[in-house]
Amino acid sequence: MSLEKIPFNRPYMTGKEFHHIAEANLGQMLAGDGPFTKRCHAWLEERTGSSKALLTHSCTAALEMCALLLDLQPGDEVIMPSYTFVSTANAFVLRGAVPVFVDIREDTLNLDERLIEAAITPRTKAIAVVHYAGVACEMDSILAIAHRHGLKVVEDAAQGVMSSYKGRALGSIGDLGAFSFHETKNVISGEGGALLANDPELVMRAEIIREKGTDRSRFFRGQVDKYTWQEVGSSFLPGELTAAFLWAQLQEAEAITNSRLATWARYHHALAGLEADGLLRRPIIPQDCQHNAHMYYVLLAPGIDRQAVLQRMRDEEVYPVFHYVPLHSSPAGERYGRAHGSMQLTDELSNRLVRLPLWCGLGDERQDRVISALSTALARR
Ligand SMILES: *Cc1c(COP(=O)(O)O)cnc(C)c1O
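This text gives an overview of the structure that appears in the document. (Residues numbered from 1 in each chain as written. Predicted model: local features only at pLDDT ≥ 70, side-chain atom pairs only at ≥ 80, totals over all residues. Heavy atoms only, no water.)

**Topic: the pattern of salt bridges**
Pairs can form between side chains of opposite charge whenever their charged atoms are close. To keep it simple, the criterion reads: When a carboxyl oxygen of Asp or Glu is within 4 Å of a side-chain nitrogen of Lys or Arg, the pair counts as a salt bridge. Runs of E in the DSSP output that reach at least two residues are strands. Runs of H or I that reach at least four are helices, and both are numbered from the N terminus. Summary of the burial criterion: residues with accessible area below 20% of their type's maximum are buried, those above 50% are exposed, and those between are partly exposed, where the area comes from a 1.4 Å probe applied to protein chains only.
Tallied over the entire structure, the rule returns 27 salt bridges. Here aspartate 76 makes a salt bridge to lysine 125, at a shortest N to O gap of 3.0 Å. Taken as a pair, aspartate 76 in the loop between helix 3 (59-69) and strand 2 (77-81) and lysine 125 in strand 4 (residues 124-130) lie far apart in primary sequence, 49 residues in all. Close ionic contact of glutamate 113 with arginine 105 constitutes a salt bridge, the shortest N to O distance being 3.0 Å. Residue class for glutamate 113 comes out buried when judged on its relative accessible area of 11%. Using a relative accessible area of 16% as the deciding quantity, one classes arginine 105 as buried. Connected through shared salt-bridge partners, Asp140, Lys166, Arg168 and Asp288 make up one network.

Here it is as structure tokens:
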């Protein structure tokens, strides 16, 4: 009998998605900013406490909006981790800005706040933090640094929907935040994202930039009698079918998060022994962080051949993945950005990291197969 394949991710659907999409079809409202989009905006604002939530067609798009909102000029610098997805950097590079990479913390793999100040130059305009695995960066220290130096803070909270730091929702803490609803994230709409504009002064410009640089939103609210081209913008909004899908997911966001947290906790418990044996390190969640179980990763002990471990697990039809070739060592990262200081932890930890399958509906039996495949792969080392 052949083993059932256990994929790294399997998108979860609540079952209400098609119902909402049918309703949007019947209502003949297919472009953006219809009733479903408005419901999603209200939900996001209520859940996060942000002044303004705006759906976008991806987190990448929301980050591009952030770069436009910050009025970045060629040569301006944005401090960020190198250990992140390409969109964190691309969004700013598109405006001619320079990503300045800083090393990460050993515990959370997030930007090390203690290294930020030394990387600031007269060209620095912003700090872009990434809440890796939905676990918050040390935001109080980062906000204090930004305040001292007159910098803006952008949160790449792509992985952080439903996570919080000291009770504050990720994405709502800096000046601007960005969520992702990509199929691989916790709450999904295929492709999708949202911008959170937390600084009330940026809200009106955010609406304009998202609507091709026009004041169309104000026109529809009856605040102006015609709409015109106000500034540089683009089309960043999703259509209603995407919003209708997302609405089903948002309504179940809490149940989805709880289910993932239970799976996460089960991994954490089961892998304590391998950690005690010195074969791996489990994730560390600081006291101030409530995470959303976006990811369960392990850091293999130094010297273990990760490629061999991954291959042995795949031989058991279990499909873990690794993460992020650090941007400072990628071809475009070398061309468009620069590293400030040593990237030792970024290089080392990214080489040791393995992400285990985690999805709603994984179930205990499949999860046990993942755990045993990992244990066996490590034992045969
Ligand atoms: C997924 C992800 C993105 C991109 O999200 P999209 O919605 O696919 O554009 C950006 N940053 C981080 C850290 C991510 O994990």
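**Digging into the site of the ligand**
Note the following rule: To be near a molecule or strand, a residue needs just one of its heavy atoms within 4 Å of it. Polar contacts, as used here, are pairs of N or O atoms within 3.5 Å; protein pairs need one atom able to donate a hydrogen and one able to accept it. Residues neighboring in sequence count only if both atoms are side-chain atoms. Accessible surface is estimated by sampling points in the Shrake-Rupley manner with a 1.4 Å probe; for residues, cover comes only from the protein chains shown. Each residue receives one of three labels: charged for Asp, Glu, Lys and Arg, nonpolar for Ala, Val, Leu, Ile, Met, Phe, Trp, Tyr, Cys and Pro, and polar for the others, Gly being one of them.
The ligand sits among 14 residues. The nearest are Thr60, Asp156, Gln159, Ser180 and Lys185. The separation between a nitrogen atom of the ligand and a polar side-chain atom of aspartate 156 is 2.8 Å. In this structure, an oxygen atom belonging to the ligand sits 2.7 Å away from a side-chain N or O atom of serine 180. If the ligand stood free it would expose 380 Å²; the protein chains cover 93% of that surface. Of the residues in the shell around the ligand, the class split is 5 nonpolar, 7 polar and 2 charged.

**Things to note about the packing of helix 2 (residues 35-48) against helix 9 (residues 240-251)**
Put simply, the rule is: Convention adopted: a line fitted to C-alpha atoms gives each axis, helices being fitted over their contacting stretch, and angles between N-to-C directions are expressed from 0 to 180 degrees. Note on angle classes: values under 35 degrees are labelled roughly parallel, values over 145 roughly antiparallel, values of 65 to 115 roughly perpendicular, and the remainder oblique. Note: crossing handedness is left-handed where the near helix turns anticlockwise from the far helix by less than a right angle, and right-handed where it turns clockwise. Two residues qualify as a contact provided that any one of their heavy atoms is within 4.5 Å of a heavy atom in the partner residue.
Look at helix 2 against helix 9: their axes get within 8 Å of each other, and the N-to-C directions meet at 40°. Of the possible angle classes, the one that applies to helix 2 and helix 9 is oblique. In terms of crossing hand, the pair formed by helix 2 and helix 9 is left-handed. Facing Pro35, Phe36, Thr37, Arg39, Cys40, Trp43 and Leu44 of helix 2, the residues of helix 9 in contact are Glu240, Ala243, Ala244, Leu246, Trp247 and Leu250. Taken together, the residues of the contact of helix 2 with helix 9 sort by class into 10 nonpolar, 1 polar and 2 charged.

**What to know about the pairing of strand 12 (residues 296-300)**
Side-chain direction in a regular strand flips from residue to residue, so the side chains alternate between the two faces of the sheet. Here is the rule: Pairing between two strands is assigned when DSSP locates at least 2 bridges connecting them.
Where burial is concerned, most of strand 12 is hidden: 5 out of the 5 residues are buried. The alternating pattern of strand 12 places Tyr296, Val298 and Leu300 and Tyr297 and Leu299 on opposite faces, both of which are buried. By the bridge criterion, 2 bridges tie strand 10 (residues 280-281) to strand 12 in an arrangement that is antiparallel. Along strand 12, the bridge assignment pairs leucine 280 with leucine 300. Where strand 12 and strand 14 (residues 353-356) come together, 4 bridges link them in antiparallel fashion. Each residue of the ladder has a partner; that of tyrosine 297, found in strand 14, is arginine 355.

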